[in-house]
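If you want the building blocks of each chain, they are given just below.
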Amino acid sequence: MSNAIVSRLGQIDAAGDPKALFLKVFSGEVLTSFANKTVTMGRHQVRTIQNGKSASFPVMGRTDAAYHTPGAQITGDKIQHNERIISIDDLLLSSVFIANIDEAMNHYDVRSPYSAEMGIALANQMDRHVLQTIVQAATTTTAKPASETDRVGTVITNADITGTAMESDPDDLIEAIFAAAEALDEKNVPEEGRVIYVKPDSYYRLANSSKVINVDFGNAGNGSTASGRVMRVAGMDIIKTNNLPTTNVSTGVDAGDANARHAVDASNTVALVAHPSAVGTVKLMDLATEMEYQIERQGTLLVAKYAVGHGVLRPEAAVQLKSS
């Protein structure tokens, strides 16, 4: 009997690889869940390289203005230059193996939720590393160029504000956020693009604060108690995330690859305030997926992966708010 009338669901135009469309669906689901989950992508600098193990970002100093004395020679001021290098981490991947016998006996589809979970896992790890890098920026005490001593990070604790409990009192947290905005202003960090990263508990405390949402004097577009949403404080967008680092990250995947590039003591962090110029990500291998049937294992291996690196660019554009 001829097999010409058999419909191969994964084939393109009834020809070629019978799993071609399946791989595209799998890839699309991973990409979609990654894009929907990550909160830092688009809120910091990202650069793609074609090869190599690192990328250099130039750091330029500032210049001053001065009055001219008639007849004096104009020689021009000197602007200092430096660089920040971001290295690529090891390949990070999320994988699942599905045995034929298990899939045959199962009564519901698992590939779709599995692919979504893989995308979410990579998105969460991306966010953790970027947010930890923001903490690294905020705690940077060495200026580049060295002569411009204000080009360092900022750490604000309860001792720096009139309140004493930003970790539990939304009014104290609001005061700390305004102090962070002031610190960024004083370091000439642009206002556009600044964001505040907080955990859900802090977010909902802010949403319940009359200082943020005031039905008589507030802006209706800033959210409402009824919706449980708060959009901005001190002119900065508020981003809710479970990936805010609040401990001493020193081991495991969160700390980075074998070089532990993303290790940082983020103990007692309540919120992070950052401009997109604070940290950067270098991509060597963007998010990609692979799917392969392994006859020797009688099942299918699904892999989602990327090879990127994160690093501090402008420490003066990052502020850590911590309880102590």
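Data block above holds the structure.
Residues numbered from 1 in each chain as written. Predicted model: local features only at pLDDT ≥ 70, side-chain atom pairs only at ≥ 80, totals over all residues. Heavy atoms only, no water.

(A) Geometry of the overall build of the chain. For the chain, the helix and strand inventory stands at five helices and 16 strands. Contacts spanning at least 24 positions in sequence make up 75% of the contacts within the chain whose residues lie at least 6 apart. In the form shown here, the chain has an accessible surface area of approximately 17400 Å², with 52% of it arising from carbon and sulfur atoms. (Helix = DSSP H or I, 4+ residues; strand = E, 2+ residues; numbered from the N terminus. Contact = heavy atoms within 4.5 Å. Areas by Shrake-Rupley, 256 points an atom, 1.4 Å probe, with all protein chains shown as cover.)

(B) Examining the sheet that holds strand 4 (residues 92–99) more closely. As summarised here, the arrangement of the four strands in space is 1-14-15-4, forming an open sheet in which the pairing is mixed. Every other strand in the sheet has two partners, leaving strand 1 (45–48) and strand 4 as the edge strands with one partner each. When the angles between neighbouring strand axes are averaged without regard to direction, this sheet yields 25°. (Pairing = 2+ DSSP bridges. Axes fitted to C-alpha atoms, helices over the stretch in contact; angles between N-to-C directions.)

(C) Just the packing of helix 4 (residues 170–186) against helix 5 (residues 200–207), in detail. Viewed as axis vectors pointing N to C, helix 4 and helix 5 meet at an angle of 100°, and their least axial separation amounts to 9 Å. Here helix 4 is positioned roughly perpendicular relative to helix 5, judged by the angle of their axes. Residues Pro170, Leu173, Ile174 and Ile177 of helix 4 lie in contact with helix 5, whose contacting residues are Ser202, Arg205 and Leu206. (Parallel < 35°, antiparallel > 145°, perpendicular 65-115°, else oblique.)

(D) Representation of the packing of aromatic side chains within the structure. The full count for this structure, using the stated rule, is two aromatic pairs. Look at phenylalanine 34 and tyrosine 306: their rings are 6.3 Å apart centre to centre, the planes differ by 70°, and that puts the pair in the edge-to-face class. Here phenylalanine 34 is found in helix 1 (residues 20–37), whereas its partner tyrosine 306 is found in strand 15 (residues 299–312), with 272 residues between them in sequence. Residues tyrosine 203 and tyrosine 204 carry aromatic rings whose centres are separated by 5.3 Å and whose planes lie at 90° to one another, so their mutual orientation is edge-to-face. Taking the ring centre of tyrosine 203 as reference, the NZ or CZ of lysine 240 above it sits at 4.9 Å. The lysine or arginine in question, arginine 297, covers the ring of phenylalanine 97, its NZ or CZ lying 3.8 Å from the ring centre. (Phe/Tyr/Trp six-rings, centres within 6.5 Å; stacked < 30°, edge-to-face > 60°. Lys NZ or Arg CZ within 6 Å of the ring centre and 35° of its normal.)

(E) Layout of unusual backbone geometry. Cis geometry marks the peptide bond from lysine 144 to proline 145, where omega comes out at -10°. Here proline 145 lies in the loop between helix 3 (111–138) and strand 5 (154–156). Positive phi is not limited to glycine here, since alanine 260 has a value of about 50°. When you line up the elements, alanine 260 lands in the loop between strand 11 (248–249) and strand 12 (264–265). Phi at asparagine 268 takes a positive value of approximately 70°, unusual for a residue other than glycine. Tracing the backbone shows asparagine 268 in the loop between strand 12 and strand 13 (269–274). Under the relative-accessibility criterion, asparagine 268 is labelled partly exposed at 37%. (Buried < 20%, exposed > 50% of the residue type's maximum accessible area, 1.4 Å probe, protein only.)

(F) Layout of the environment of arginine 128. Relative to the helices and strands, arginine 128 resides in helix 3. A C-alpha to C-alpha distance of 9.4 Å links arginine 128 and alanine 255, two positions 127 residues apart in sequence. Excluding residues that lie within four positions of it along the chain, arginine 128 makes contacts with Asn243 and Asp254. Looking at arginine 128, its side chain comes within polar contact range of the side chain of glutamine 125, at 3.2 Å. (Polar contact = N/O pair within 3.5 Å; in protein donor to acceptor, adjacent residues only side chain to side chain.)

(G) Focus on the sheet that holds strand 13. Here we have six strands laid out as an open sheet, ordered 5-16-13-6-10-9, and mixed in their pairing. Taken across any chain shown, the strands that pair with only one partner, and hence form the sheet edges, are strand 5 and strand 9 (232–233). Bridge count between strand 13 and strand 16 (residues 318–322): five bridges; the pairing is antiparallel. In the strand pairing of strand 16, alanine 274 is matched with alanine 318. Across the sheet, helix 3 lies against strand 5, strand 6 (195–198), strand 13 and strand 16, angled at about 95° from strand 16, the strand it touches most. Strand contacts of helix 5: strand 6, strand 10 (236–240) and strand 13, with the helix running at about 130° to strand 10, the strand carrying the most contacts.

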